[in-house]
Amino acid sequence: QVQLVESGGGLVQAGGSLRLSCAASGRTFGRYHMGWFRQAPGKEREFVAAIRWSGGNTYYADYVKGRFTISRDNAKNTVYLQMNSLKREDTAVYYCAATILYSSSYYYRDAYDYWGQGTQVTVSS
């Protein structure tokens, strides 16, 4: 089992940057595939990015591709989401998620077994 804690959210102006972190407990973090999702008020939770356990494969939603970068440091039990060129529509609570079983449906919430509590990102114009 793994516990996840996100941090790094906040208020930023449009065009700015933020880096989110997700710290995981447990000695087997390196075996987990990780994902970032987000949920805006009144909307469904949606996929943002995912990274395989080795860090060798990354995946992005079209609406963040080229602006966001997911990475991980298995020695620090941490996954990151670097967010650049932020837009107002990026405003949401961002969640990290983990699964030990890789699925080609990495963009589905149900593919993940563990979730953090979320961190708020607010982008102002």
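So, here's what we can say about the structure. Just so you know, the residues in each chain are numbered from 1, in the order the chain's sequence is written. Local features in this predicted model are restricted to residues of pLDDT 70 or higher, and side-chain atom pairs are both shown and tallied only at a pLDDT of 80 or more, whereas totals for entire chains, interfaces and linings draw on every residue. As a rule here, side-chain values cover all heavy atoms of the structure and leave hydrogens and water aside.

**Description of the overall build of the protein chain**
Here is the rule we go by: By definition, any uninterrupted DSSP run of H or I lasting at least four residues is a helix, any uninterrupted run of E lasting at least two residues is a strand, and each is numbered from the N terminus. C-alpha atoms define the radius of gyration in this analysis, and the globule rule sets the expected value at 2.2 Å times the number of residues to the power 0.38. Each residue's exposure class comes from its accessible area (1.4 Å probe, protein chains only) as a fraction of the maximum for that residue type: buried when under 20%, exposed when over 50%, partly exposed otherwise. Note on areas: Shrake-Rupley, 1.4 Å probe, and residue coverage restricted to the protein chains presented here. Under the convention used here, Asp and Glu are negative, Lys and Arg are positive, and both His and the chain ends fall outside the count. Taken as the charge location is NZ of Lys, CZ of Arg, CG of Asp or CD of Glu.
Per the secondary structure count, the protein chain includes zero helices and eleven strands. When the helices and strands of the protein chain are placed in sequence order, the string is β-β-β-β-β-β-β-β-β-β-β. By the compact-globule yardstick of 14 Å for 125 residues, the protein chain fits well, its C-alpha radius of gyration being 13 Å. Burial status across the protein chain gives 43% buried among its 125 residues. Surface summary for the protein chain: the accessible area is close to 6600 Å², and the carbon and sulfur share equals 45%. Charged side chains of the protein chain number 14 positive and 9 negative; the gap between the two group centres comes to 5 Å.

**Focus: the environment of Tyr-63**
The following threshold applies: Residues are treated as being in contact if the distance between any of their heavy atoms lies within 4.5 Å.
Counting through the fold element by element, Tyr-63 comes out in the loop between β6 (58-60) and β7 (68-73). Leaving out residues up to four positions away in the same chain, Tyr-63 has contacts with Arg-38, Glu-46 and Phe-47.

**Considerations on the packing of aromatic side chains**
Using the following cut-off: Stacked, edge-to-face and tilted labels apply to pairs of Phe, Tyr and Trp rings (six-membered ring for Trp) whose centres lie within 6.5 Å, assigned for plane angles under 30 degrees, over 60, and everything in between, in that order.
For the coordinates displayed, the defined rule picks out nine aromatic pairs. Between Tyr-32 and Tyr-114 the ring centres are 6.1 Å apart and the planes differ by 70°, which places this aromatic pair in the edge-to-face class. Taken together, the positions of Tyr-32 in the loop between β3 (18-24) and β4 (33-39) and Tyr-114 in strand β10 (residues 114-115) put the pair 82 residues apart, joining distant regions of the chain. Under the relative-accessibility criterion, Tyr-32 is labelled buried at 5%.

**Regarding the pattern of salt bridges**
Rule in force here: Whenever Lys or Arg places a side-chain nitrogen within 4 Å of a carboxyl oxygen from Asp or Glu, that contact is recorded as a salt bridge.
Scanning the model with the defined rule gives five salt bridges in all. The partner of Glu-44 in a salt bridge is Arg-109, and the shortest N-O contact between them spans 3.4 Å. Here Arg-109 lies in the loop between β9 (92-99) and β10 and Glu-44 lies in the loop between β4 and β5 (46-51), a separation of 65 residues in the sequence. Across the salt bridge formed by Asp-62 and Lys-65, the nearest N and O atoms sit 3.3 Å from each other. Owing to a relative accessible area of 67%, Asp-62 belongs among the exposed residues under this scheme. Linked by salt bridges that have partners in common, Arg-38, Glu-46, Arg-67 and Asp-90 make up one network.

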